[in-house]
Amino acid sequence: MSENMEQFLELSVSPLIPSLPDDVTVDIVARVPRSHYPTLSLVSKKFRKLIASPKLYKRRSQLGITQHRVYALLRNRDTGGCRFYILHRKLNSSNRLVIVRSLPPVSYRGSFVSVGSKTYVFNDVDALCIDCASHTAQPIPDMPQRFSATPMPSRVANVIDGKVYLIGDSRFTFDRGVSWRKTVMVLDAETQTWEPVMRKEDMRVGPLWSDAVVMEDEICMRGIRESYSIVYEPKENKWEMNEVLNSKDWEGGCVVDDVLYYLDCSEKALRAYDPKQSRWSVVNGLDEFLAAETTQSKWANVVKYGEKKLALFFLKTHDGKKVICCAEIALERRQGGEIWGKMESFDVVIEDGGLFDVMKCVAVTV
């Protein structure tokens, strides 16, 4: 289509609001809280297209208007299918997890990380880039076939300085037994290009990672079958065990301000690991709440939810039935290094908690 024809079509389309130029309308809508967008999308087809348009979110970014959003991957126990849900607070109401129907089902066996407004999915089936502004998914371009075709029972991914580090395991058999080779791929999220492969030949631990986080520009990985935590330092391509991290089962944790948090379900405590002090501590101020509300929970997931804040998902029994709950917790470091938590909200986000498992949570900025 010629440039003149495109300009003619643009002029022939009526504006979003008849009395205003579209650029002004975009500026107005960009300043509206995103919680109103589902309602605005019902005004007309044009508004629905605007709400899904990258132009709107680019303008929000230019204006410095961004919001933190949390997504949870839920597995249906009856069907085994996994779908993305968004944590949504209705006006003057409570939080709910709402299914994002425009996003495809994905396998839960893998890793999910965010860069800005995008979430990257790596598992045994998919390698996707999800745009959380428009709720659309695209295959990650030009993923090296040699890497994706190599048998890798487990992959973990995380982000440092806008680059996605994808770490997998390859199994090699030789005369004396079996060895595992660590393979690291790096995706530049801005240019959408892959960097050269890095390998670690002599790792003597098995595959099957349960979780991974980033602290102080180092990727910390947690094993499933054995209590080991391995730390990878990308700049020097250095790997090492961390005995202090090994002492706790921090699966389902998250990092806020370079401190790792996870819910210890057996002790009913929110624990924190500070790499600067190389020690674990318990977050103060939450004892009564956690003892009362998480008594029956055998699993939990925490995810960073804005500045100095996290969201805690867990299972509990309410009025005789299982429900999935979410607590928003503000964090504060006081003099002496003690960390205190304050619960800001607590809601039942899924009524039929017996039907679903929260497999993974991820936070984005849109």
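Here, the structure is the one placed above.
Along each chain, residue indices are assigned from 1 in the same order as the chain's sequence is written. In view of the model being predicted, local features appear only for residues whose pLDDT reaches at least 70, and side-chain atom pairs are presented and counted only at 80 or more, with totals across whole chains, interfaces and linings using the full set of residues. Here the side-chain values reflect all heavy atoms present in the structure, with hydrogen atoms and water set aside.

Draft legend 1. Seen up close, the overall build of the protein chain. Secondary structure assignment for the protein chain yields eight helices and 24 strands. Type-normalised accessible area, obtained with a 1.4 Å probe on protein chains alone, sets the label of each residue: buried when under 20%, exposed when over 50%, and partly exposed for intermediate values. When burial is assessed residue by residue, the protein chain has 48% of its 366 residues classed as buried. A 1.4 Å probe and the Shrake-Rupley method give the accessible areas. Residues count as covered only by the protein chains that appear here. About 19,000 Å² of surface is accessible on the protein chain, with carbon and sulfur atoms providing 49% of the total. Numbering of helices and strands runs from the N terminus, with a helix taken as a DSSP run of H or I at least four residues long and a strand as a DSSP run of E at least two residues long.

Draft legend 2. Representation of the sheet that holds strand β7 (residues 136-139). Think of it this way: DSSP has to see at least two bridges between two strands before they count as a pair. Read from one edge of the open sheet, four strands run β4-β5-β6-β7, paired in antiparallel fashion. In the strand order of this sheet, the two ends are held by β4 (110-115) and β7, each with one partner. Adjacent strand axes in the sheet meet at a mean angle of 20°, parallel and antiparallel pairs treated alike. An axis is simply a line fitted to the C-alpha atoms; with a helix, the fit covers only the stretch in contact. Between two such axes, the angle follows the N-to-C directions and lies from 0 to 180 degrees.

Draft legend 3. Inspection of empty space enclosed by the protein at higher detail. In the cavity and pocket records, a cavity denotes points on a 1 Å grid over the protein atoms alone where a 1.4 Å probe fits but cannot get out, a pocket denotes an open set with protein on both sides within 12 Å along at least 5 of 7 lines, and lining residues are residues with an atom within 4 Å of a point. Grid points are joined across faces, edges and corners, and a volume is the space filled by probe spheres set on the points. Counted under the stated rule, the structure contains one cavity of 30 Å³ or more. Counted as a void, the largest cavity has a volume near 50 Å³. If you go around the largest cavity, the residues you meet are Ala272, Tyr273, Asp274, Gln277, Arg279, Ser281, Arg333, Gly337 and Ile339. For the lining of the largest cavity, the elements supplying multiple residues, two or more each, are β18 (269-274) and β19 (279-282). No other element matches β18, which puts three residues into the lining of the largest cavity. Residue polarity follows a fixed list, in which Ala, Val, Leu, Ile, Met, Phe, Trp, Tyr, Cys and Pro are nonpolar, Asp, Glu, Lys and Arg are charged, and the others, Gly among them, are polar. Of the residues contributing to the lining of the largest cavity, the split by class is three nonpolar, three polar and three charged.

Draft legend 4. Structural context of helix α5 (residues 54-62). Listing the buried residues of α5 in full gives Leu56, Tyr57 and Arg60. Down the axis of α5, the smallest arc covering the buried residues is 90°, so these residues share one side. With respect to the buried face of α5, the exposed residues turned more than 90 degrees away are Pro54, Lys58 and Gln62. N-capping of α5 is provided by Ser53, with a side-chain oxygen placed 3.1 Å from the backbone N of Lys55. Our arc is simply the arc of the directions from the helix axis toward the C-beta atoms. In protein, a polar contact requires one atom able to donate a hydrogen and another able to accept it; more generally it is a pair of N or O atoms within 3.5 Å, and residues adjacent in sequence count only if both atoms are side-chain atoms.

Draft legend 5. Local environment of the side chain of His135. In this fold, His135 is placed in the loop between β6 (127-131) and β7. A relative accessible area of 18% places His135 in the buried class. Polar contacts involving the side chain of His135 include one to the side chain of Tyr71, which spans 2.7 Å. The contact definition used throughout considers only heavy atoms, calling two residues in contact when any of these lie within 4.5 Å. The residues contacting His135, other than those within four sequence positions of it, are Tyr71, Ile86, Val100, Ser102 and Leu103.

Draft legend 6. Seen up close, the packing of aromatic side chains. Ring pairs are drawn from Phe, Tyr and Trp, using the six-membered ring of Trp, whenever the two centres fall within 6.5 Å, and their geometry is named by plane angle: stacked under 30 degrees, edge-to-face over 60, tilted for the rest. Taken as a whole, this structure holds nine aromatic pairs when the rule is applied. Look at Phe84 and Phe112: their rings are 6.0 Å apart centre to centre, the planes differ by 80°, and that puts the pair in the edge-to-face class. With Phe84 in strand β2 (residues 82-89) and Phe112 in strand β4, the pair connects residues that are 28 residues apart, well separated along the chain. Neither Phe84 nor Phe112 differs from the other in exposure class; each is buried. Between Phe289 and Phe314 the ring centres are 6.4 Å apart and the planes differ by 75°, which places this aromatic pair in the edge-to-face class. In this pair, Phe289 sits in helix α8 (residues 287-293) while Phe314 sits in strand β21 (residues 309-318), placing the two residues 25 residues apart along the sequence. By relative accessible area, which is 13% here, Phe289 ends up buried. Think of it as a cone above the ring: NZ of Lys or CZ of Arg counts as a charge over the ring if it is within 6 Å of the ring centre and within 35 degrees of the ring normal. Above the face of the Trp340 ring, Arg334 is positioned so that its terminal group lies 4.3 Å from the ring centre.

Draft legend 7. Main features of helix α2 (residues 22-30). Taken as a whole, α2 has its buried residues at Thr25, Val26, Val29 and Ala30. With its buried residues spanning 135° around the axis, α2 presents them on a single face. Where α2 is buried, its residues meet α3 (37-40), α4 (45-51) and α5.

Draft legend 8. Representation of the sheet that holds strand β23 (residues 339-350) within the structure. The strand order β20-β21-β22-β23 describes an open sheet built from four strands, whose pairing is antiparallel. On the outer flanks of this sheet lie β20 (300-304) and β23, each paired with one strand and no other. Averaged over all adjacent pairs, the angle separating strand axes in this sheet is 25°, with direction ignored.

Draft legend 9. Spatial organisation of the side chain of Lys360. With respect to the helices and strands, the residue Lys360 is situated in strand β24 (residues 356-365). In terms of polar contacts, Lys360 uses its side chain to reach the side chain of Asp211, at 3.2 Å. Ignoring anything within four residues of it in the chain, the contact list for Lys360 reads Tyr71, Ala72, Leu73, Phe112, Asp211 and Asn301.

Draft legend 10. View of the layout of surface pockets. Estimates place the volume of the second largest pocket at around 830 Å³. Around the second largest pocket, the lining is made up of 37 residues, and of these Ser114, Asn158, Val255, Lys304 and Ala363 lie nearest the centre. At the level of elements, β4, β8 (155-160), β12 (209-215), β16 (254-256), β20 and β24 are the ones that each hand at least two residues to the lining of the second largest pocket. For the lining of the second largest pocket, the leading source of residues is β24, giving six residues. Broken down by class, the residue content of the lining of the second largest pocket amounts to 18 nonpolar, ten polar and nine charged.

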